[in-house]
Amino acid sequence: MLTQLTAATGVLALLTLVPGPDMAIVTKRAVSRGRADGLRTVGGIAVGLLLWGALTAAGLAALLAASAGVYLVVKLAGAAYLGWLGIQCLRHAGAEAPPPSPSPSPSAKGHDGASVPTRSNSTRDATAGSAWRTGLLANTLNPKIAVFYTGLLPTLAPPDLPPAAGMALLVLVHVLLTLLWLGTYVYVLSRARHFFARARVRRALDRVTGMVLIAFGIRVATAASAP
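Within each chain, residue numbers correspond to sequence positions counted from 1 in written order. Restriction of local features to residues with pLDDT of at least 70 applies here, the model being predicted, together with a cutoff of 80 or more for giving and counting side-chain atom pairs; totals for whole chains, interfaces and linings are based on all residues. Side-chain metrics rest on all non-hydrogen atoms present in the structure, leaving aside hydrogens and water.

1. Observations regarding the side chain of Asn 139
Along the chain, the position of Asn 139 falls in helix H6 (residues 119-140). By relative accessible area, Asn 139 is classed as buried at 1%. Any N or O atom pair separated by 3.5 Å or less is treated as a polar contact, with the protein-specific requirement of one donor-capable and one acceptor-capable atom, and with residues adjacent in sequence counted only for side-chain atom pairs. There is a polar contact of 2.9 Å between the side chain of Asn 139 and the backbone oxygen of Ile 45. With sequence-adjacent residues up to four places away left out, Asn 139 is seen in contact with Asp 22, Ile 45, Gly 48, Leu 49, Trp 52 and Ile 145. The numbering of helices and of strands both runs from the N terminus, where a helix is a DSSP run of H or I of at least 4 residues and a strand a run of E of at least 2. Summary of the burial criterion: residues with accessible area below 20% of their type's maximum are buried, those above 50% are exposed, and those between are partly exposed, where the area comes from a 1.4 Å probe applied to protein chains only. The contact criterion used is simple: two residues touch if any of their non-hydrogen atoms lie within 4.5 Å.

2. Concerning the pattern of salt bridges
Salt bridges are defined as contacts in which a side-chain nitrogen from Lys or Arg sits within 4 Å of a carboxyl oxygen from Asp or Glu. Inspection of the entire model under this criterion finds three salt bridges. For the salt bridge of Asp 206 with Lys 28, the shortest nitrogen-to-oxygen distance reads 2.9 Å. Residue Asp 206 is located in helix H11 (residues 199-222), and its partner Lys 28 is located in helix H2 (residues 21-33); the two are separated by 178 residues in the primary sequence. On the basis of relative accessibility, which here comes to 4%, the residue Asp 206 falls in the buried class. Residue Arg 29 is joined to Asp 37 by a salt bridge in which the shortest nitrogen-to-oxygen separation is 2.7 Å. Of the residues examined, Asp 37 reaches a relative accessible area of 3% and is grouped as buried. One continuous salt-bridge network, built from bridges that share partners, spans Arg 29, Asp 37 and Arg 40.

3. Regarding the nonpolar core
For this analysis, a nonpolar core means a set of buried residues of the types Ala, Val, Leu, Ile, Met, Phe, Trp, Tyr and Cys, connected via side-chain atoms within 4.5 Å. Ranked by size, the top nonpolar core spans 23 residues in total, and within it Leu 12, Trp 52, Leu 64, Tyr 149, Leu 153 and Leu 170 carry the most contacts. Where this core is concerned, the elements lending two or more residues are helix H1 (2-17), helix H3 (35-58), helix H4 (60-66), helix H5 (68-91), helix H7 (143-151), helix H8 (153-156) and helix H9 (163-191). Tallying contributions element by element places H9 first for this core, with six residues. Apart from the residues within four sequence positions on either side, Leu 170 is in contact with Leu 5, Ala 8, Leu 12, Leu 153, Leu 156 and Ala 157. Counting 13 residues, the second-largest nonpolar core is a separate cluster that includes Val 31, Ile 45, Leu 182 and Tyr 185.

4. Considering the environment of Thr 41
Examined against the element boundaries, Thr 41 turns out to sit in helix H3. Judged by relative accessible area, which is 0%, Thr 41 ranks as buried. Among all residues touching Thr 41, those that are not within four sequence positions of it are Ile 25, Val 26, Arg 29, Ala 131 and Gly 135.

5. Description of the confidence of the model for the chain
Considering every residue of the chain, the mean pLDDT works out to 80; 82% of them sit at 70 or more. Confidence scores labelled pLDDT are given residue by residue by the predictor and lie between 0 and 100. The low-confidence segment residues 98-108 (pLDDT under 50) makes 12 contacts with residues lying over four places distant or belonging to another chain. This stretch, residues 114-119, has a pLDDT under 50; its non-local contacts, to residues over four places away or in other chains, come to 10 contacts.

6. Focus on the environment of Leu 189
Tracing the sequence through the fold places Leu 189 in helix H9. Classification of Leu 189 as buried rests on a relative accessible area of 8%. Residues Leu 189 and Ala 30 lie 159 residues apart in sequence; the distance between their C-alpha atoms is 6.8 Å. Apart from residues no more than four positions distant in its own chain, Leu 189 is found in contact with Thr 27, Ala 30, Val 31 and Phe 196.

7. A short note on H3
Here the expected length of a helix is defined as 1.5 Å per residue gap, with one fewer gap than residues. Between the first and last C-alpha of H3 there are 35 Å, a value that for 24 residues agrees with the 34 Å anticipated at 1.5 Å per step. Looking only at H3, the buried set comprises Asp 37, Gly 38, Thr 41, Val 42, Gly 44, Ile 45, Ala 46, Gly 48, Leu 49, Trp 52, Gly 53 and Thr 56. Within two residues after H3, Gly 59 carries a phi angle of roughly 90°, on the positive side.

8. Topic: the packing of H5 against H11
Two numbers describe how H5 lies on H11: the axes approach to 7 Å, and their chain directions differ by 165°. When the axes of H5 and H11 are compared, the pair comes out roughly antiparallel. Crossing geometry of H5 relative to H11 is assigned as left-handed. Within the contact between the two elements, H5 uses Lys 75, Leu 76, Ala 79, Leu 82, Gly 83, Leu 85, Gly 86, Ile 87, Cys 89 and Leu 90 and H11 uses Asp 206, Arg 207, Thr 209, Gly 210, Met 211, Leu 213, Ile 214, Phe 216, Gly 217, Val 220 and Ala 221. Any residue outside Ala, Val, Leu, Ile, Met, Phe, Trp, Tyr, Cys, Pro, Asp, Glu, Lys and Arg is labelled polar, Gly included; the first ten of those are nonpolar and the last four are charged. Broken down by class, the residue content of the contact of H5 with H11 amounts to 13 nonpolar, five polar and three charged. Angles here are taken between N-to-C directions and fall from 0 to 180 degrees, while the axes themselves are lines fitted to C-alpha atoms, restricted in helices to the stretch in contact. Roughly parallel means an angle under 35 degrees; roughly antiparallel means over 145; roughly perpendicular covers 65 to 115; every other angle is labelled oblique. With the far helix as reference, a near helix turned anticlockwise by less than a right angle produces a left-handed crossing, and one turned clockwise produces a right-handed crossing.

9. Quick look at the environment of Thr 155
Along the polypeptide, Thr 155 turns up in helix H8. Spatially, the C-alpha atom of Thr 155 lies 9.6 Å from that of Met 167, the residues being 12 residues apart in sequence. A polar atom in the side chain of Thr 155 sits 2.5 Å from the backbone oxygen of Leu 152.

If you want it as structure tokens, here you go:
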């Protein structure tokens, strides 16, 4: 069992390290909004993987992988979302990056002494939710994960475990590898944020990221409708 699990982890690690839409999205969020925003995006991506794992266990991912019509709908929705993200990057290329969030300050007090949320807190909350949703939607609208989880993952599961337990274990390994890799990537980007804050570098990065996301969207849209 240990040998099979080690081999499966190696395959999952290689697949995790391959650059894809997730890395492009994380790059954009981490560079433009900072480490916390990048990590929230990574968290959304991880939740998306867990969601696909749950759908696989319920048999819904297999239905998606086997149904050309449903697969096409999810595929086109995912392609449209990636394309929209890419267009947003191009439209706002070089936009001023917000400064790092200051330490929370005491809430303002109303005339009755009740705390009144400041505008900056509301803005930060909205940004945090946006980062999480971006990561979640990018993975949830990727039908290739359904194909991967229903096609390749079962062949990697340790034979000594029940099929459901083996699949759950590999999904958790995949999620942990994703968190480790993308979390480390966000940390590296945040250390070099002063470099990316330069206007010329920021414009170039936004344009490259936008074109990469649009290219991924086109690739998803033009891929075979059936796995």
